[in-house]
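Working through the structure, step by step
In case you want the letters, here they are:
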Amino acid sequence: MRTTDAAATTALLVALGFTERLTVRDEGDPDVIVHAEYALGETGGIMFGSVRNDGSALDSVGGGSIYVVVDTEREVDRLYEEITDMGHAIVRPVATQPHGGREFDFRDHDGNSWGVGSYRGA
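The rules behind each value
- Residues numbered from 1 in each chain as written.
- Predicted model: local features only at pLDDT ≥ 70, side-chain atom pairs only at ≥ 80, totals over all residues.
- Heavy atoms only, no water.
- Domains from an automatic or database assignment.
- Contact = heavy atoms within 4.5 Å.
- Buried area = accessible area lost by both parts, 1.4 Å probe.
- Patch = residues over 30% accessible without salt bridge, like charges linked within 9 Å, V, L, I, M, F, W, Y side chains within 5 Å.
- Areas by Shrake-Rupley, 256 points an atom, 1.4 Å probe, with all protein chains shown as cover.
- Salt bridge = Lys/Arg side-chain N within 4 Å of Asp/Glu carboxyl O.
- Helix = DSSP H or I, 4+ residues; strand = E, 2+ residues; numbered from the N terminus.

**Focus: the domain arrangement of the chain**
In many reports, interface size means the accessible area that the parts give up when they come together. Partitioning the chain into domains gives domain 1 (1-52) and domain 2 (63-121). A C-alpha centroid distance of 19 Å is found between domain 1 and domain 2. Contact residues are listed per partner, giving 15 residues for domain 1 and 16 residues for domain 2. For the pair domain 1 and domain 2, the summed buried area comes to about 1,000 Å², and 74% of that belongs to carbon and sulfur atoms. On the domain 1 side of the interface with domain 2, the three residues burying the most area are L12, A15 and L16, jointly 52% of the side's total.

Structure representation (structure tokens):
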């Protein structure tokens, strides 16, 4: 995933419960992340970096769709409040789903779609 604002992406990931595993910054501009890896639990994770501004495919932002599974419905509700307070655009408010679990959807500062829920799949 690419981002136009590495600090905002990092803050979002930390709010969602991700932990930093690796961050490689540009030597000439430490605000630019060349490559970062953030873990979620034992098996989840995401890799991201700053846009390169070189006209390549690495300039593309806003097309990602990510679903984050959390442990409890209470955690979904807490994150809904936190994500709302951070100013992200809520696309689908928090609600209990007919297939099970509790979920909400939002868009980040780059236009990526995020779902957060307690549903782990069938």
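That was the structure; now back to the text.
**What about a nonpolar patch on the surface?**
Taken together, the side chains of L22, V24 and V34 present a nonpolar region at the surface, about 190 Å² in accessible area. Mapping V34 onto the fold places it in strand β3 (residues 33-40).

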